[in-house]
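# Commentary on secondary and tertiary structure
Each chain, written out:
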Amino acid sequence: MSDQVKYLLEESEMPTAWYNVQADFATPLPPVINPGTGQPIGPQDMAPLFPMDIIMQEASVGPYAAQYIDIPEEVFEIYRLWRPTPLMRARRLEKALDTPAHIYYKYEGASPVGSHKPNTAVPQAYYNKRAGTKRLATETGAGQWGSSVAFAAGYFGLEAKVYMVNISYQQKPYRRMMMEAYGATIVASPSKDTAAGRKFLAENPNHPGSLGIAISEAMEDTVTTPDTKYSIGSVFNHVLLHQTIIGEEALKQMEKADEYPDIVIGCAGGGSNLGGIILPFVRGKLKDGKTTRLIAVEPTAAPSLTKGVYTYDFGDTAQTTPLVKMYTLGSAFIPAPIHAGGLRYHGMSPIICKLYDEGVVEAVAVAQNPVFAAAVQFTRTEGIIPAPESAHAIRAAIDEALKAKESGEKKVILFNLSGHGHFDMAGYRSYFAGELEDYEYPAEEVHKAIAGLPKVNA
Ligand SMILES: *Cc1c(COP(=O)(O)O)cnc(C)c1O
């Protein structure tokens, strides 16, 4: 069919394995370092936080060193509730842009919580259940990750406790109620439930909170409560592993469309939905000589790849985690309050950073107003209201399609639509009212934040 719009897979065609890109790296990822000893951390150091299957997936060791990791049956059964997700050809957007480019998007907003995040929340809950965990603790900013943990924990009979950044807790009551509907317990962070939270509350009883504080609370809860483990929504290698189901499906769907993308695009906060869509195409570059351009799109307010430094830094703002080599703006740097809350992170997935450093992946930074302009153009052509995070990928896809129009080339563009924006309408309201600022990152602040970091000789 020449005018086909949806490229769907049967459940029987769903990929049965995740892709472990670490197996195809010529050199391993830089080690994760204990800031106290300066030595690489081992599996036992992570055991208080994660079950052993997750730790081994993180390090790509034992049975998890393989190129493909079978998706457990119990996880597959839950994936079936919304997977395979559709691949769409954005014909109406192409027409509006008057471009010879073919634009495809993978729609991860089709999941029950509205984003790609349950792709990893479900296996994390599964491996925890198998290891005897009774309860998960986690943090959430805008609420996408907390909703995903709440959803996944319920299926495996685990309790879930979510520390939600206070300002989001106040501003996004429906996300909070959604988590309650799935059966989780939510508190505003900083909370009275942890020593870290009480310390911040003593300083300011109306503290707005931050993701860094919420991470500290969730980790303290984990190590001080029996049978409790911690769950994380991005950045880590095991999270990107689980997200590769996105790109593996997209490969099969592009085959049905009888095309192979010239360009694959994803927005990048911690790098998990980007990794999910691009890693199977990275395999094509590393193993099969493909020349696909792979583009990470970040906000100008938090441009870790395009403006950051490739160095060892802490994962959290409170500087309590091990040191990880990544492109970073400095863990002490707090990004401006853009509406794409999921992209306000100082660092980036070590896997994405290595690929960027080696020139396999490229990156662009885009500002908030042009991003919302792209979101509105997409809404009015394709009908789906995108999450502000996902709209970063749309902006870059439109820009590439306009370049193709200028050069008269028929480029095939694929992007990941990581989620819908139904809980983000306050951002749209501000955009329509002309109230949005286009933040540029303050270079001096960042360089100060980098200068204060511990030195690592790894
Ligand atoms: C959390 C989130 C992101 C950012 O996280 P990544 O790990 O970079 O994918 C992007 N889009 C949506 C819809 C999200 O919920």
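Let me begin by describing the structure that accompanies this report. (Residues numbered from 1 in each chain as written. Predicted model: local features only at pLDDT ≥ 70, side-chain atom pairs only at ≥ 80, totals over all residues. Heavy atoms only, no water.)

## With respect to the site of the ligand
Contacts to the ligand come from 19 residues, most closely from Lys117, Ser234, Ser272, Asn273 and Ser418. Between the ligand and the protein, one listed contact pairs an oxygen atom with a backbone N or O atom of glycine 269 at 2.7 Å. With respect to the ligand, the side chain of serine 418 contributes an N or O atom lying 2.7 Å from a nitrogen atom. Protein contact buries 97% of the 380 Å² of open area that the ligand shows by itself. At the level of elements, α13 (272-288) and α17 (388-407) are the ones that each hand at least two residues to the shell around the ligand. A per-class count over the shell around the ligand returns four nonpolar, 13 polar and two charged. (Near = heavy atom within 4 Å. Polar contact = N/O pair within 3.5 Å; in protein donor to acceptor, adjacent residues only side chain to side chain. Areas by Shrake-Rupley, 256 points an atom, 1.4 Å probe, with all protein chains shown as cover. Helix = DSSP H or I, 4+ residues; strand = E, 2+ residues; numbered from the N terminus. Nonpolar A, V, L, I, M, F, W, Y, C, P; charged D, E, K, R; others polar.)

## Thoughts on the sheet that holds strand β9 (residues 228-230)
One open sheet accounts for four strands, arranged β8-β7-β6-β9; its pairing is parallel. Every interior strand has two partners, whereas the edge strands, β8 (185-189) and β9, have only one. Neighbour to neighbour, the strand axes of the sheet diverge by 25° on average, direction disregarded. Relative to the sheet, helix α6 (residues 144-155) contacts β6 (135-140) and β7 (159-165), its axis offset from that of β6 by approximately 165°. The sheet strands contacting helix α8 (residues 173-181) are β6, β7 and β8, and the helix crosses β7 at an angle near 175°. (Pairing = 2+ DSSP bridges. Axes fitted to C-alpha atoms, helices over the stretch in contact; angles between N-to-C directions. Contact = heavy atoms within 4.5 Å.)

## Notes on unusual backbone geometry
Following arginine 83, the chain continues into proline 84 via a peptide bond in cis, with omega recorded as -10°. One can find proline 84 in the loop between α3 (73-79) and β4 (87-89). Geometrically, the link from serine 189 to proline 190 is a cis peptide bond, its omega value of 5° lying close to zero. With respect to the helices and strands, the residue proline 190 is situated in the loop between β8 and α9 (195-203). At serine 60, a residue that is not glycine, the phi angle is positive and equals roughly 55°. Along the polypeptide, serine 60 turns up in the loop between α2 (52-59) and β3 (68-70).

## Side note on α2
Because each turn of an α-helix spans 3.6 residues, side chains separated by three or four positions in sequence point in the same direction. Every buried residue of α2 is listed here: Asp53, Ile54, Ile55, Gln57 and Glu58. Positive phi shows up at serine 60, right after α2, with a value of about 55°. (Buried < 20%, exposed > 50% of the residue type's maximum accessible area, 1.4 Å probe, protein only.)

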